[in-house]
Amino acid sequence: MITESSILDNPGGLSEAPAGVVSTGGPIQSAITYEKIPTHIYADAKAASRAVAQEIADLIRQKQNEGKPCILGLATGSSPKTVYAELIRMHREEGLSFHNVVTFNLDEYYPMEPDSLQSYWRFMREQLFDHVDIPQGNYHVPDGTLQTDKVAEFTKKYEAEIEAAGGLDFQLLGIGGNGHIGFNEPGSLINSHTRLMMLDNSTRAAASVDFGGLPKTPRKAITMGVSSILSAKRVVLLAWGERKAPVIRGAVEGLVTELNPASYLQTHPNALFVIDEAAASELTRMKTPWLVDSVEWDNKMKKKAVTYLSMALSKPILKLTDRDYNDNGMSDLLAQYGQAYDINIDVFNQLQHTITGWPGGKPNADDTNRPERALPAHKRCLIFSPHPDDDIISMGGTFQRLRDQGHEVHVGYQTSGNIAVADDEALRFADYVVDFNTKFGIDSPEATRIFQDAAASLREKKDSEMDTTEVRYVKGLIRMGEAKATCRFVGIPVENAHFMNMPFYETGTVAKKPLSEEDILITMALIEEIKPHQIYAAGDLADPHGTHKVCLDAVLESVRRLKDKDFMKDCWVWLYRGAWAEWDVSEIEMAVPMSPDQVTKKRLGIFKHQSQKDGVVYQGTDSREFWQRAEERNRGTAEIYNRLGLAEYEAMEAFVRWRF
Ligand code: F6R
């Protein structure tokens with residue numbers, strides 16, 4: 001029987017798949033009907049990475065015992081970082097030696113200097129090689145510095161070296177949003193060899209985040225071919241986060257197709273996908289588990305199934321019939337609850353009760369069926385905004401209502417957001433300060449010096465260099481000014497805008513430091529100062545390595561540590577979603593509707609963030625502007641409620657309550 005916990009595989013390790021034997025993909029045998037690649041799902045990337053690192057460590061030790069080298073194929077990108085961190089820990093704490101390890105990396109951008117910030121050579125040294133005892137000369141990364149006419153010769157040699165070493169014992173993979181493995185983009189053949197490859201547009205857009213914009217992102221890469229990957233004795237592919245969910249479903253459950261190169265792994269006798277819950281969310285066993293096996297019909301599962309059925313059949317909930325339930329694998333739900341009529345009304349009412357125009361609670365009203373308490377009528381609300389614009393982008397309508405309904409609203413801007421400001425914006429503002437001083441007769445040679453230094457450093461900055469501290473300050477101040485402008489626009493005093501400048505973010509590069517004690521102390525201090533009745537935080541699980549997740553971890557850890565304080569007994573935590581995705585409708589616990597005018601007002605609030613408009617530095621794969629993404633998402637949420645048969649609103653912002 002499937003329960004919420006049995007959907008996940010045993011987090012103890014990968015051990016049910018002894019070397020050479022195909023694993024069943026976990027305890028849910030019938031998932032095999034849908035899943036054509038053994039797939040282990042873990043609650044989070046950390047637990048999954050531990051299991052993968054353990055398998056690699058076991059293999060290294062086994063080879064040591066046999067007196068043989070261990071030949072590993074390695075990947076870069078965000079996915080394997082946690083595996084490498086665990087291997088380093090094992091080296092330091094458990095004496096795992098890498099003296100017999102020989103590695104071959106999958107790929108490298110082309111052209112690329114090895115010391116460049118974005119080079120995979122540098123990545124591998126920083127993430128693994130410099131921290132373990134692998135002999136220099138035992139690791140290989142494709143050479144991004146070659147003349148074009150030398151690449152073909154190099155790629156042949158690279159394959160020959162792998163073969164001469166005895167072939168890959170283990171290949172670690174990530175997966176691109178378009179299904180690429182290595183840089184084998186859609187269209188790559190199953191028998192493709194190591195070669196120079198044109199990068200897909202979506203790959204370049206995703207990588208542009210690291211390169212400071214699309215124009216600076218390479219167009220090519222040298223990559224191991226699909227056939228080189230498939231010839232490894234064991235292949236383990238990692239995927240974290242909701243953004244990978246659709247492509248994982250395609251690779252695991254779809255047809256083998258060159259349009260999703262990861263699907264070629266269906267033909268490998270010893271491949272395994274190790275993914276987190278978010279990346280698994282589109283798999284049949286997660287999305288519609290009742291189609292895979294019998295399930296425990298608790299309220300959560302019931303809501304999930306009924307909303308799914310209503311959407312799948314394009315029928316409002318109250319029109320679903322017994323037959324609809326029976327025909328769609330939900331007959332045991334029907335048997336348990338009697339008739340469709342009763343189930344429909346129950347789920348409909350639950351959804352109805354999530355809708356409120358009073359996110360801070362409605363004073364003098366019966367709150368039995370409302371998402372928030374009526375009392376206290378005037379609440380202190382603390383919105384945590386990971387970047388300076390997430391408050392308005394993700395919950396601008398609710399922010400405005402809380403203020404208009406008389407609550408004391410504070411915003412904790414968690415990071416400076418400084419790396420997302422373009423160089424010319426920074427110059428414009430530094431120049432403005434000089435002109436301002438001149439105009440008003442303020443003699444400030446220091447401002448002139450800062451402007452001149454900034455101009456010089458930005459002119460001379462190479463790709464492998466980051467901004468000077470002063471330029472970073474200028475960029476941070478620009479974003480601070482924009483956040484203050486939004487607060488004024490919504491109508492809260494600027495003293496209620498708290499700029500936390502969490503240290504984990506301040507690296508000057510896209511890669512951030514891990515969450516530190518200092519970050520948590522800063523967060524706790526703000527909560528203790530405000531003593532909020534409501535905390536709003538970005539519950540963004542779609543981006544497990546990103547800033548939003550770290551910011552969320554800081555808030556949740558702070559709340560856990562403060563939970564015994566008196567004021568915390570009255571504090572509710574609401575999670576909103578960041579820029580990418582919305583909660584599943586069956587999970588939403590508070591939906592705040594917006595009128596057309598309120599949508600327009602929110603848009604104007606987002607416009608206060610001028611540095612994030614018109615071709616932002618970190619656009620990613622979505623070419624829409626932030627206000628467009630926000631509006632489309634909020635309209636989409638309202639449309640889902642409407643399709644389920646509830647009232648028709650222009651747009652809605654949605655929240656889930658986190659109970660500590
Ligand atoms: C990296 C590589 C790529 C990445 C893929 C996913 O060596 O070959 O296929 O694995 O682009 O990247 P992340 O893990 O950053 O999402």
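The structure displayed is predicted, hence computed values, not measured ones.

The rules behind the values
Residues numbered from 1 in each chain as written. Predicted model: local features only at pLDDT ≥ 70, side-chain atom pairs only at ≥ 80, totals over all residues. Heavy atoms only, no water. Helix = DSSP H or I, 4+ residues; strand = E, 2+ residues; numbered from the N terminus. Rg over C-alpha atoms; globule rule 2.2 N^0.38 Å. Buried < 20%, exposed > 50% of the residue type's maximum accessible area, 1.4 Å probe, protein only. Contact = heavy atoms within 4.5 Å. Areas by Shrake-Rupley, 256 points an atom, 1.4 Å probe, with all protein chains shown as cover. Lys, Arg positive; Asp, Glu negative; His and termini not counted. Charge placed at Lys NZ, Arg CZ, Asp CG, Glu CD. Patch = residues over 30% accessible without salt bridge, like charges linked within 9 Å, V, L, I, M, F, W, Y side chains within 5 Å. Salt bridge = Lys/Arg side-chain N within 4 Å of Asp/Glu carboxyl O. Near = heavy atom within 4 Å. Polar contact = N/O pair within 3.5 Å; in protein donor to acceptor, adjacent residues only side chain to side chain. Nonpolar A, V, L, I, M, F, W, Y, C, P; charged D, E, K, R; others polar. Pairing = 2+ DSSP bridges. Axes fitted to C-alpha atoms, helices over the stretch in contact; angles between N-to-C directions. Core = buried A, V, L, I, M, F, W, Y, C linked by side-chain atoms within 4.5 Å.

Visitor: Before we move on, can you summarise the overall build of the protein with the specific residues and values?
Guide: A count of helices and strands for the protein gives 20 helices and 17 strands. For 660 residues, the compact-globule estimate of 2.2 N^0.38 gives 26 Å, and the protein sits close to it at 27 Å. Along the longest, intermediate and shortest principal axes, the C-alpha atoms of the protein span 80 × 80 × 45 Å. The burial tally for the protein puts 55% of its 660 residues in the buried class. Partitioning the intrachain contacts of the protein with sequence separation of at least 6 by distance along the chain shows that 76% fall at a separation of at least 24. Surface accessibility of the protein: about 27900 Å² in total, with carbon and sulfur atoms responsible for 52%. Side-chain charges of the protein comprise 73 positive and 93 negative groups, with the mean position of each set lying 2 Å from the other.

Visitor: Describe a nonpolar patch on the surface, and please don't skip the residues or the numbers.
Guide: Taken together, the side chains of Y432, V433, F436, F440 and I442 present a nonpolar region at the surface, about 500 Å² in accessible area. With respect to the helices, strands and loops of the structure, I442 is situated in the loop between helix 14 (423-439) and helix 15 (445-460). You can call I442 partly exposed: its relative accessible area is 41%.

Visitor: Go over the site of the ligand with me, naming the residues and quoting the values.
Guide: Residues in close proximity to the ligand total 13 residues, the closest being S79, D107, H180, G182 and K244. At 2.5 Å, a side-chain N or O of S79 approaches an oxygen atom of the ligand. Within the contact set of the ligand, an oxygen atom lies 2.4 Å away from a side-chain nitrogen or oxygen of D107. Considering only residue class, the shell around the ligand consists of 3 nonpolar, 8 polar and 2 charged.

Visitor: Describe the sheet that holds strand 12 (residues 408-413), listing the residues and the values that go with them.
Guide: With mixed pairing, the 7 strands of this open sheet are ordered in space as 13-12-11-14-15-17-16. The sheet is open, and its two borders are formed by strand 13 (497-499) and strand 16 (590-594), each paired with just one other strand. Going across the sheet, the axis of each strand differs from the next one's by a mean of 25°, ignoring polarity. Looking at chain direction, strand 12 and strand 13 are connected through 3 bridges and run parallel. If you follow Y413 over to strand 13, its bridge partner there is F499. Helix-sheet contacts for helix 16 (residues 469-490) involve strand 12 and strand 13, and the interaxial angle to strand 13 is about 165°. Relative to the sheet, helix 20 (residues 626-643) contacts strand 16 and strand 17 (651-658), its axis offset from that of strand 17 by approximately 85°.

Visitor: Break down the environment of G481 for me, with residues and values.
Guide: For G481, the position within the fold is in helix 16. Separated by 118 residues in sequence, G481 and V599 have C-alpha atoms that sit 23 Å apart.

Visitor: Which residues make up the nonpolar core, and what values go with them?
Guide: V306, Y325, M330 and I527 are the most contacted members of the largest nonpolar core, which totals 58 residues. Looking at which element gives the most residues to this core, the answer is helix 18 (residues 547-562), with 8 residues. If sequence neighbours within four positions are ignored, V306 has contacts with I317, L320, Y325, M330, L333, I343 and V347. With 40 residues, the next largest nonpolar core counts I41, F104, I162 and V235 among its residues.

Visitor: Lay out the pattern of salt bridges with the relevant residues and their values.
Guide: Opposite charge on two side chains lets them pair, provided their charged atoms get close. A complete count under the given rule lists 39 salt bridges for this structure. Here E94 makes a salt bridge to R89, at a shortest N to O gap of 2.9 Å. You can call E94 partly exposed: its relative accessible area is 41%. A relative accessible area of 27% means that R89 is categorised as partly exposed. One salt bridge in this structure joins K315 and D324, with 2.7 Å as the shortest N-O distance. Classification of K315 as partly exposed rests on a relative accessible area of 24%. Assessed through its relative accessible area of 10%, D324 is described here as buried. Within the structure, one salt-bridge network assembled from shared partners comprises E86, R89, E93 and E94.

Purely geometric numbers; function is a separate question.
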